[in-house]
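Structure assessment
Each chain, letter by letter, is given below.
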Amino acid sequence: MPRLRFFCVVCLITSLCCSESIQAQQWNRFRGPGGRGVAEADLPTTWSETENLTWKTDLAGKGSSSPVVWDDRVYLTAYTGYGMELENPGDPAALLLHVICIDLHDGHLVWDCPIKPSPDEQEISKRVGEHGYASPTPCVDDSGVYAFFGPSGCVAVSHQGAVRWQRNLGTKTVGFGAAASPILFGDLLIQNASIESGTLYGLEKQTGEICWKTDGIQSAWTTPTLVTLPDGSVELVVNQKLAILGFDPHTGKQLWSCDAIQDYIVPCVIEHDGLLYCSGGRSNMTFVIRPGGRGDVSQSHLVWEQSRGANVTSPILVDGHLYWSHDKSIALCLRASDGEEMYRERMPTRSRVYGSIVSDGSKLYLTTRDAGVLVLAAQPEYKELAVNKLGTESERFNATPAIASDRLLLRSDQRLYCISK
């Protein structure tokens, strides 16, 4: 009997460890686990239409959202019916939003769930046309898929492709449209609706009911970040105009604030080894602060600040260095300990860059809109390894890539590509 009991305990521990390992491999939200944009993987350095291209799938519609992955399925959003061409946009009443599921192994369409948009959606314009009506990236777990469509609200979709609920979180619109992606925390779906209503929401993920909401979120297109403190408590961090804010994710209560960027914010805050790296603003600033404070922590918790960063794209941190695929088509590297610039090099495009950088731990992948993916060595000296281009001249790659095991998923406004050795 003791041996049997010992065997059962070992099996339980092994099962839990395997479960945690499998869950850690899921790329289940914008920029993957923790929003860091980094996953240990063995990704190829080069690819083309004839090399290391596992599959490619035509998409039903356009979009700038990133793919996410859960249990060998890929989920992303798109739109059809209106605004497909700027010169001939068509009838706004024909707009249709989509949550799409694709098989990770062979790229076949599993299901396509249509979502009725709000009548308050923006009319197409040159600025809106840069990204369209499906920019926020969905998130996913065992309970289902959760997508945000700005003025058309949050939508929960089952793993069988049926709408479970849809909730409006505000209908205001500005500039390029929606951008902030939803994240999951226990039984809550957390959504920054700064643009739509100036509000941060905690929704019950099974029903869509509002558990809490916090008003006064200013000019923030950013996706929130969760950080676990040494004592096991969790804080929710939002970088907004004028200040970085820390909240209790269970209640939405504000815990602390740190004076920061005097401009609108788009990039995500990234957490690494107990520090928060916060960038943004048209003047490009980066602030590094410690979480866990109370009240105004502008003096007590600031580690360093630097007049470098990016206005739109989010960074990653690998081996003590911050890297960006800067929205002004610059490859940028700062030393994480003090913000010292390591390099600043032109990417192979003159177009704006909207997709954020990702890494497999040894290589950096910087997506351009029109000139392929630049692959660099993950080191503080600039070392170009390859530039890989897929698709047609008309395709635009606005989405941040996803990493699923040893696969790199690239999304254009026309197709989804799976790259692997």
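In this text, all values refer to a predicted model and were calculated from it rather than measured experimentally. (Residues numbered from 1 in each chain as written. Predicted model: local features only at pLDDT ≥ 70, side-chain atom pairs only at ≥ 80, totals over all residues. Heavy atoms only, no water.)

When its secondary structure is counted, the protein shows three helices and 33 strands. Taking 421 residues into account, the globule formula puts the C-alpha radius of gyration at 22 Å, and the protein, at 21 Å, falls close to it. In the protein, buried positions account for 58% of the 421 residues. Within the protein, counting contacts between residues at least 6 apart in sequence, those at least 24 apart form 53% of the total. Per element, the accessible surface of the protein, about 17000 Å² overall, is 49% carbon and sulfur. (Helix = DSSP H or I, 4+ residues; strand = E, 2+ residues; numbered from the N terminus. Rg over C-alpha atoms; globule rule 2.2 N^0.38 Å. Buried < 20%, exposed > 50% of the residue type's maximum accessible area, 1.4 Å probe, protein only. Contact = heavy atoms within 4.5 Å. Areas by Shrake-Rupley, 256 points an atom, 1.4 Å probe, with all protein chains shown as cover.)

We now examine the UniProt feature "domain: Pyrrolo-quinoline quinone repeat" (unreviewed entry) in the protein. The UniProt entry lists residues 156-260 under the feature "domain: Pyrrolo-quinoline quinone repeat" (unreviewed entry), expressed in the numbering used here. For residues 156-260, helix accounts for 4% and strand for 48%, while the C-alpha atoms at its two ends are 34 Å apart. (UniProt positions renumbered as here; feature names shortened; annotations may be inferred.)

The next subject is the pattern of salt bridges. In total, this model carries 15 salt bridges according to the counting rule given. We note a salt bridge from D42 to K421, for which the minimum N-O separation is 2.6 Å. Here K421 lies in the segment after β33 (415-419) and D42 lies in the loop between α1 (2-24) and β1 (53-58), a separation of 379 residues in the sequence. We classify K421 as exposed; its relative accessible area is 63%. The network of salt bridges with shared partners includes D58, E395 and R415. (Salt bridge = Lys/Arg side-chain N within 4 Å of Asp/Glu carboxyl O.)

This part is about the packing of aromatic side chains. A full pass over the atoms with the stated rule returns nine aromatic pairs. Relative to W165, the ring of Y146 has its centre 6.3 Å away and its plane inclined at 45 degrees; by these criteria the two rings are tilted. Here W165 lies in strand β9 (residues 163-167) and Y146 lies in strand β7 (residues 144-148), a separation of 19 residues in the sequence. According to the relative accessible area criterion, Y146 is buried, its value standing at 0%. Exposure remark for W165: the relative accessible area of 7% places this residue in the buried category. Look at W221 and Y264: their rings are 5.6 Å apart centre to centre, the planes differ by 75 degrees, and that puts the pair in the edge-to-face class. Linking W221 in the loop between β13 (210-215) and β14 (225-228) with Y264 in the loop between β17 (254-259) and β18 (270-272), this pair joins segments that are 43 residues apart in sequence. When its relative accessible area of 24% is taken as the criterion, Y264 is described as partly exposed. Following the ring pairs from residue to residue traces out a cluster consisting of Y79, Y82 and Y133. The aromatic ring of F176 is capped on one face by R127, whose charged end is 4.6 Å from the ring centroid. (Phe/Tyr/Trp six-rings, centres within 6.5 Å; stacked < 30°, edge-to-face > 60°. Lys NZ or Arg CZ within 6 Å of the ring centre and 35° of its normal.)

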